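Residue-level structural notes
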Amino acid sequence: MTDPQTRAVHPPVTTPVGSRPLGVPIYQGHLFGFDAADDLAAAFQGPDEAFFYARMGNPTVRSLERALTELEGGAGTLATASGMGAVNAVLMGLLRSGDHVIAQTALYGGTYALLQDLADRWGIEVTFVSGDDPAEVRDALRPTTRLLYLETVANPTTHVTDLPAFTGAVRGTQVLTVVDNTFVPLLCKPIAHGADIVVHSTTKYLAGHGDVIGGAAVFADSAVHRRVWEHAIELGATADPFAAWLTVRGLATMPMRVARQSASALDIARRLAAHPSVTRVHYPGLDDHPQHALAQRLLPDGAGGVLAFELTGGREAGRAFSEAVELVALGPSLGAVASLVMHPASTSHRQMDAASLTAAGIAEGTVRLSIGLEHPDDLWQDITQALQKATEPRAGGSA
Ligand SMILES: *Cc1c(COP(=O)(O)O)cnc(C)c1O
């Protein structure tokens, strides 16, 4: 008999026999064992071989990857530790110094900072385009252009990018199109519109409950998946099994959550547009949105749960509104079951002066709302009381 000390290190590991798990199990262990050294050697060959070390692959993470591959209609997925992990894996995995990237100006702040960093320190050249005219992309093309980087719906202006027109502008070249589809999962499927890679912060709608940091890149081509996977395992940005498991769990309700959040966002956008203290509402589902016709084509089932608006009283009023809400929380995220508010000019975009804010389509008073699953009447009650506090002369103000 072996000593209890030895047995303690080798508990029986149970593999189900005669039945199978119906839900996705959490394989929290990072290591898998082999009987034959040759089998272990074969496992090193790529993402589709046997599991051996969880930075390279894990069954729980693989379940998430397979679900996202189906969701986006791709050939393979890399799940990562965060949305920025996915953006970084894609950019660093596919670019080398001297390469050129074309990107739209209205980008997630972290992506913009990463592109600046790649330009400053790694010799990658970046041309920014407005995202309104595919001819700008054709004019910016160079022999060294490798990537076109777009976002389906941009933050916080809810600018919608004409994916078919933009991917069409680089068709027949070697340029791969990357689309960050975080704001509108399922509502838009960029690969069907010609994208080569779809990036998500799964932190937002896909996990959906505000309890996960995660990301993913879905690839239309398995050879590109393979190249990025090889870089990602060097980078070490792999998804954690428990975060992947929470995300898979979130996916079950994602279609219904996103449909309801879109419907509520449209409802709130309409009510805001009719409110006397509101000067402008940015939501692609409204008739007066600059890309409303495009949104109807690209997002026929709903324009997502994020909207922005400007209120009389500008910067101070925007900031005061973000502090005056009670049901809605002031927080720098989106896509969760609970509604969130942000005042970009004083928080996420605080480094930008008035001129750069204007160039990015953001007013000093712009407020962003991420609509959750609360009843729209309760949200509206909170929003109207906050509007009143934020715009009433001084006294109540930003206290
Ligand atoms: C949040 C977000 C990211 C970054 O994702 P993290 O999970 O925070 O790393 C990237 N793109 C968009 C559009 C986002 O909203």
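Just so we're clear, the structure is a prediction, and the values are computed from it rather than from any experiment. (Residues numbered from 1 in each chain as written. Predicted model: local features only at pLDDT ≥ 70, side-chain atom pairs only at ≥ 80, totals over all residues. Heavy atoms only, no water.)

**Section: empty space enclosed by the protein**
Inspection of every chain in the model, using the stated rule, returns two cavities of 30 Å³ or more. The computed volume of the largest cavity comes to approximately 60 Å³. Along the walls of the largest cavity sit A43, G46, P47, E49, A50, F51, F52, Y53, M56, G57, R62 and W229, which together make up its complete lining. A breakdown of the residues in the lining of the largest cavity according to their chemical character gives eight nonpolar, two polar and two charged. Each pocket or cavity is described by its volume, and for the second largest cavity that value is around 40 Å³. Contributing to the lining of the second largest cavity are L64, T80, T202, V212, I213, G214, G215, A239, D240, A243, A244 and T247. Of the residues forming the lining of the second largest cavity, the biggest block, three residues, is contributed by helix α9 (residues 241-251). Counted by class, the lining of the second largest cavity contains six nonpolar, five polar and one charged residues. (1 Å grid on protein atoms, 1.4 Å probe; cavity = no way out; pocket = protein on both sides within 12 Å on 5 of 7 lines; lining within 4 Å. Points joined across faces, edges and corners; volume = space filled by probe spheres on them. Nonpolar A, V, L, I, M, F, W, Y, C, P; charged D, E, K, R; others polar. Helix = DSSP H or I, 4+ residues; strand = E, 2+ residues; numbered from the N terminus.)

**A short note on the domain arrangement of the protein chain**
The domains assigned to the protein chain are domain 1 (58-251) and domain 2 (254-391). For domain 1 and domain 2, the distance between their C-alpha centroids amounts to 25 Å. Each side of the interface is counted separately: domain 1 has 30 residues, and domain 2 has 37 residues. With both sides pooled, the region where domain 1 packs onto domain 2 buries about 2500 Å², and carbon together with sulfur makes up 67% of that total. When the area that domain 1 buries against domain 2 is broken down by residue, the three leading residues are P156, L187 and Y205, summing to 30%. Remark: the boundary between domain 1 and domain 2 carries one salt bridge. Here R297 makes a salt bridge to D162, at a shortest N to O gap of 3.9 Å. When contributions to the side of domain 1 that touches domain 2 are tallied by element, the ones reaching two or more residues are α7 (163-169) and α9. Partitioned by chemical class, the residues of the side of domain 1 that touches domain 2 number 16 nonpolar, eleven polar and three charged. (Domains from an automatic or database assignment. Contact = heavy atoms within 4.5 Å. Buried area = accessible area lost by both parts, 1.4 Å probe. Salt bridge = Lys/Arg side-chain N within 4 Å of Asp/Glu carboxyl O.)

**Some words on the site of the ligand**
Every residue close to the ligand is listed here: S82, G83, M84, Y108, D180, T182, F183, S201, T203, K204, G214 and L334. Contact between the ligand and T203: an oxygen atom at 2.7 Å from a side-chain N or O atom of the residue. For the ligand, the protein covers 91% of the area, taking 380 Å² as the surface of the free molecule. When the residues that make up the shell around the ligand are grouped by side-chain class, the tally is four nonpolar, six polar and two charged. (Near = heavy atom within 4 Å. Polar contact = N/O pair within 3.5 Å; in protein donor to acceptor, adjacent residues only side chain to side chain. Areas by Shrake-Rupley, 256 points an atom, 1.4 Å probe, with all protein chains shown as cover.)

**Re the sheet that holds strand β10 (residues 329-330)**
Across the sheet, five strands lie side by side as β8-β9-β12-β11-β10; this open sheet has mixed pairing. A single partner strand is all that each edge strand has here, and the edge strands are β8 (278-282) and β10. In terms of strand pairing, β10 meets strand β11 (residues 340-342) through two bridges, oriented parallel. Within the sheet, the bridge partner assigned to L330 lies in β11 and is V341. Docked against the sheet, helix α10 (residues 254-273) engages β8, β9 (306-311) and β12 (367-370), running at close to 10° with respect to β9. The sheet contacts of helix α12 (residues 314-324) involve β9, β10, β11 and β12, and relative to β9 the element is tilted by about 130°. (Pairing = 2+ DSSP bridges. Axes fitted to C-alpha atoms, helices over the stretch in contact; angles between N-to-C directions.)

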